[in-house]
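# Report on the structure
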Amino acid sequence: MTYPNDKDARKYLDFSNHQTYSDRMKERVQKEPAIPSRDEERNIAIEEANQAMRDLQPYKTRPLSKQDKVLVMQGWNKALAFSSAFSEALLIYWRLICCAEVSEHDSSGGSTRAYSYPAEPMALVEKNKDPIYLCLRDRIEDAETLLMGLLDGAIRSLCPAHQVVHREAFRPMQDNALIERANGELSLECQSVDDHLALFARLGVKPEFWVRFILAVHWTMSTHAPYAQDDDVENLELGASQSALGRVVALYVAIPAIQTHKELTTLYMSPLVHKVQEVWNSFSSNGRADFGEIFYRKLLTEHPQLIDYFAKTDMDSLAVHLSMSLDMCIKNVHAMGAMNTTFRSALEQLAEVHRRMNVPTYSYVLVGATILECFQPKFEQEEAASRDSENPFLASDLRATLAKVYSEIMSLVYYPTLKQEKKIAAARGFYEQVKEELNWSENQLERRLVNIEEEVQRSGTYIQTTEELEVGARLAWRNASKCVGRIAWNTLVIRDCRHISDPNKMCDEMRNHLLEATAGTNIQSVMTVFKPQEPSEVFGTRFWSSQLVRYAAYKNMFTGEVIGDPANLALTEYLVNNGLWEPPEKVSQFDVLPLVLKVPGEKPFVKKLPEDCIFEVDLEHPDRPELSKLGLRWTTVPAISNFKMNLGGVVYQNMPFNGWFVSTEIVRNLMERYDVGPKIAEVIGIDIETDIMWRQAVSCELERMVVHSFQKHKFTIVDPMTVGRQFCTHVQREREQFGRECPAQWSWIGGLLGECYSMNSCFSHLNSWILCRSNTCDFKTGPTNPTWHLECRDYLIKPQYEYCSEGMLLHAVGRGGGEYGSATDATDHSTSDISDDDFEAVPTVLILYGSQTGNAEAAARRLKRELRLLQPTMMTLNEAKGLRMLVHTNYSHILVVCSTFGDGNPPTNARQFFDTQLPKFSGGQKFAVLGLGSTIYPQFCLAAENLERLLQKHGLEPIATLVKADEATGADSAIENWIHLVKSIILPPNIEVRVKEHSMLQSDDGRPSNSLRWLSSQEADEFVSPVPPGGSLCLSNDELAGRHAARSIRKVTFKSPAKYASGDHLSVMPVNSDSMMRRFLQCFHSELESAPFAGTVNGGDLLEYSSKQPFGVDAVENMQTMPADVFFETPTTLDYLLKHVVDLTLSHKCVVDLVELVKELIEKRIQSVEEKDRETFMAFPEIQSLLAKASSMIDSESSIHTEEVDSFISMHPTVVDFLENHRKCLLEPVFGGKPVLEMAEVLCVLPRLQPRFYSISSSNKVSPENVSITVGVLRVETSSGVKLNGVCSNFLARLKAGEEARIAIHKSSFRLPSDPQAPIMMVSAGTGIAPMMGFLDEKALAKKNGEAGSMIHLFYGCRTLQDFIYRSEIEEREDEGLVECHLALSRSVPRAYVQDKITKLGKDTAALLLRKDTHYYVCGDASMANMCYEHCIDVLRKYATMSRVGAAQHLKQMQVQGRWQTDVWGIISNYETAKKDIMNSKRKSAMLWMQHFQH
């Protein structure tokens, strides 16, 4: 596809250079009053802004000095080094303090403002109910980037001359906002500080929130910017209003933000905006519809590359939708910037529609430019009309105002699509690397990306396999520029624990992690990964402990002395003060803290680590035993637990991992945090007052202690020189062997300066930065280290490890004074084996289906097979009415497959579900719905849409949006993608592996082996043969077509089973013929010869005898035999099963299942025979052909999937045809063994025989006891020359008077008008005349009874006069003056179709359609009905001077009023050609729509 260069279009929407326009706007606002009705709203908004400005007065008391600016810039640079933690903490803290409500209080000194917080502000934040979320909504996911970009731009503007970077020590935050277009061009959604401020203003961020934003930045800098110097800390301690940072944020962010808010308010209520609204209001209702038509014609003509995005769209409706959307936006522009408005909700709904349609974000610029072009004539008229007035309007000003309004509004509309595009782009970037690591082919990559795109579109995220997770975690380590120990990156062991959600078990996994990591004493790099963070989650489940093994700290309240590790003082005090942990009775310097796990919405979960997993080393000197008496020790495994990683858009925020220590890291911890330097100096005799080198000497001795002690106890450790050489080797290896550049941050790598020496402990000091600000540790290897002169670029490459914010600090702020109470669980419980309790996260699944033709049931059975590890329950929707089973069985997921029947109705076996009241569910049950239908029918998938709304309304949570599978354009791909999506969500790979292990299933790739089990003679004697339910009596069966007609058409009359109305439907349950049953049995003659009863036939008819013998079906799986999971009841007989139960005709879905089964059985047989026999077996041409085409037939994503399946069906329209053509290679015994394919296997994949529906052609008022249908008997040849007889039509053709058939009445909305005087147009072709005959009989009876009625205009088409059924009856009605028939013969000269008759009588047709009481009825083939619709539009355009969209809107209005009724069905004759035509037309809707204007 060619993407546009939209630079020309962008100029219409770019206001950066429109200074003259801005000046004129301000001038006009000053000269003219705002819209009176909006005065109050504007005044309120301006007063809020003024109050915020007054609140900022303390920040302006003294000017910023040069020193202040430098201090802020240096502090900001340190914050950028930990940007992920800083940005997360900043956003959450801002959200917390914005939960406070402001109240005014009068005091002696004047009015004061007080803030009152809710009891639990963090609860509001975690539930996304806080004010900032309500402003930003979906944008909350990008809020961290936006805030950092805003701050970064503001702080860099303090000294622009210093922003030219000499080395890569820091980088602008704004490049996080880059949006990559498909053509490779880069653009920024927010390019400047002003852009950021405008975005926040239009999102509704109130002025007072910016006052609090200053406090949030100040707090975050105080808590989340490591390695601050003394002057940094001292300045921050002055408070927000006096610190340099607070004043910078006030002057460069908060005040401009408030001013932007005021300007936006002025814009929305300006006279220019009002004039644009007047211009739009000047369009009439028809004019607006015409506007939509003109717009899309212009858009698609100038930008044809967009046509594909409207491939399946009703363009006429879309044109009307555009005018309605414009009307809503232009009339409600004053509501921009306000929260919780109907307008904001409407925009969000519009955004969701665009996201589902995959409208690309770049198209919004093109759309905006086209809208402006369409408005331009009106603006020019307005300029001319106001030229002589006091305040004339310029067309350029009106155009610029509309462009501004459009830009502001569309920025809210396109964001969901943008977010989706960014996630998919992130996934592509990640999987390009996965492809390289796993040696995937290009096809494997593209197929995986297609599945990911489907998942993202349906659920907002996607599930990664364990293998992909492992690759991503290793890549993140390899890309970590601050880590010096990356040489072992590809040895990282991944423990996939995403299935575990219970806090107690998660803590147990940390014990298992430490045991595996220690591996005796040889430290192994291990990562344990838990469930990723959901897109809507604030934190997700996280450990508050920064490392798994951390030492407590105790502060003496009198002396201020700290015992233990001061880095953990805040956490220790938090746990003790809240009763979550009780220290040992006798505290020490090295008391191990418990694990602290925070689950969203729950109290912190605290659990003590078992002693068997805590490995520590007592430190001793090899030459100075007196140093051992100091009692120093340290843990052996640096297991970091406050980190996250982003793998292709999936954020894993809970992924504890470990490497091994570099000795200097432990030295630094003890020197800086424990301050052991003076004690060691005293022991070894160094005077710290006189010896200026005492720190280096002490550090050296302490390093010897650490290395010696670890080596003595055989725990892995590495010294600085060794790890430096290893890193140099790693860089060289990456370059020479793989051609990869190695990113490295010199301040963390070069010279090993003592800041970080563990391969991952560089990330562990975020909560102890104040203690480290003095840089007291001076020991370094310096220039002697191999890395000192190693020049590496510090660039960002993903995936990447990122810092988490300090959850404990944020929750302490967000508790609002509430107490947590006693510790949640401190029980020492651990296990390394898998237990039953580990599977509480395994879902329980209920599969429901509503199916009229069997396709939905087949899809449901496919889903059940894919999820068979979970042993799902499956039933019809009627069987599940009221969902009462949820009361007794705790189903976690309800998966529904539902088709739509008739005029948007649910299938027969689903109607009771819709009619039964559902209870309100609150147990967190989840659901997903797959809708099956065809776009050739007007109410496409309506039943599934109603079902989704119903389940959501009653409290069930969707795991994915509704998927609609369109049978008109090929439903297989949509069905397979939905099944894949649902399986990936419910049964992700990590859970699947655990379930298999638990259930002792070694593989889920194969299926059970099914076989017939014939009943014993004793069982057979007790067996009662099944009989079909009683039916209705056939009264007559008459041929309607002439002797030389193209096909047989019959009128079949039954005794009516119930009362009906003209226009209703009759369902008929077909019966397979005896000849078809015998052909099927003949294929398995060899198998039947080995049946236990075969010897007793004694020369009789084995097939006939076998068909009467009772049998069951057994399944063998994992050496266990059990009854097979089949849809029919057993025991049964082949006679009953093959005639009344299974459908022998092959559909697309059945072909895929059959071929997949045969392919699997062939491959099993190939593996089981000897090589010489294998070659003989493979020599069968049928086997070679089948295997060659099987993959593309099974793979719904294959480009030739549909073509191959169609070809297969053309060759084998029934399963009997397939079996007969492959009898020798599949059904005969192979090399003395069993056949490849046995009868039971085939029976298990065949679908259920479904009823067929016919329009009733009689009137209950004329013949109340009888009901008639009109049946076209289907006897055709496929494109391969194979004969195919319709199952039901041929059953009815051979049905004799006096025989019975299972029939039922089904109500429809196809009804005569209530007003007998209303004009009627009847359009039909072929057997579509059926319901019209009932209508004519009813109208004739009314006329006979003296009721006056209008003339009926009947447009009827058939091939020749021989095919003109009901001719005599219609001519009789014509003679009575009841009907005027317009006959079209498509095989006569001149040739004419029924739609041609509509056009020929164009003027009269248009007059009829324009009447407000005309009723239009069409029945027959869907393609005929669509053509007649188009011709009706054409006559209205020609004779009523309507635009196309206006004409389409008129016909749509007739549908809404119930005056345009359809009774259409899919293609019957010429199926393959006709289906391709419909598929092509559906895929090219926009292109065909444009062609209507070319003549």
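Here, the structure is the one placed above.
What this report covers is the structure whose coordinates are included nearby. Each chain carries its own residue numbering, running from 1 in the direction its sequence is written. Only residues with pLDDT of at least 70 get local features here, since the model is predicted, and only at 80 or more are side-chain atom pairs given and counted; chain-wide, interface and lining totals rely on the full set of residues. Side-chain descriptors were evaluated using all non-hydrogen atoms of the structure, hydrogens and water having been removed beforehand.

For the rest of this paragraph, the subject is the overall build of the chain. Labels follow the DSSP assignment, with helices taken as runs of H or I lasting at least four residues and strands as runs of E lasting at least two, numbered in each case from the N terminus. The secondary structure content of the chain amounts to 56 helices and 44 strands. Counting the 1495 residues in the chain, one finds 56% classified as buried. Contact between two residues is taken to exist if any of their heavy atoms lie within 4.5 Å; hydrogens are not considered. Relative to all contacts within the chain whose residues are 6 or more apart in sequence, the contacts with residues 24 or more apart total 78%. Working note: accessible area of the chain is about 63100 Å², and carbon and sulfur atoms make up 50% of it. Burial status follows relative accessibility: with a 1.4 Å probe on protein chains alone, a residue under 20% of its type maximum counts as buried, one over 50% as exposed, and anything between as partly exposed. Computed with the Shrake-Rupley method and a 1.4 Å probe, the accessible areas treat only the protein chains shown as cover for residues.

Let us look at the environment of L1361. Within the element layout of this structure, L1361 appears in the loop between β41 (1352–1358) and α50 (1367–1375). It is 9.7 Å that separates the C-alpha atoms of L1361 and A1384, two residues lying 23 residues apart in sequence. Setting aside residues up to four positions removed in sequence, L1361 forms contacts with R1367, L1383 and L1385.

By the alternation rule, side chains of strand β6 (residues 526–529) split into V526 and T528 and M527 and V529, which are all buried. A right-handed crossover is one whose linking path, passing over the helix from the first strand to the second, runs clockwise when the strands point away from the viewer. The β-α-β motif built from strand β5 (residues 493–496), the intervening helix α22 (residues 503–518) and the parallel element β6 has right-handed crossover chirality.

An order of β35-β29-β28-β38 is seen for the four strands of this open sheet, with the pairing classed as antiparallel. The two strands at the open ends of the sheet, each matched to only one other strand, are β35 (1266–1272) and β38 (1300–1301). By the bridge criterion, seven bridges tie strand β29 (residues 1049–1055) to β35 in an arrangement that is antiparallel. Each bridged residue has a counterpart across the sheet, and for F1054 the counterpart in β35 is V1267. Each pair of strands is called paired provided DSSP finds at least two bridges between the two strands.

At the junction of T1130 and P1131, the peptide bond is cis and its omega measures out at 0° in the coordinates. Relative to the helices and strands, P1131 resides in the loop between β32 (1120–1123) and β33 (1132–1133). For the bond running from V1389 to P1390, omega is 0°, close enough to zero to count as cis. Turning to its location among the elements, P1390 is positioned in the loop between β42 (1379–1385) and α51 (1394–1400). With a phi close to 55°, N128 is a non-glycine residue in the positive phi region. Examined against the element boundaries, N128 turns out to sit in the loop between α6 (121–126) and α7 (131–136). Even without a glycine there, the phi angle at N439 is positive, about 60°. Tracing the chain through its elements places N439 in the loop between α19 (415–438) and α20 (442–459). Look at N439 and you get exposed, because its relative accessible area is 66%.

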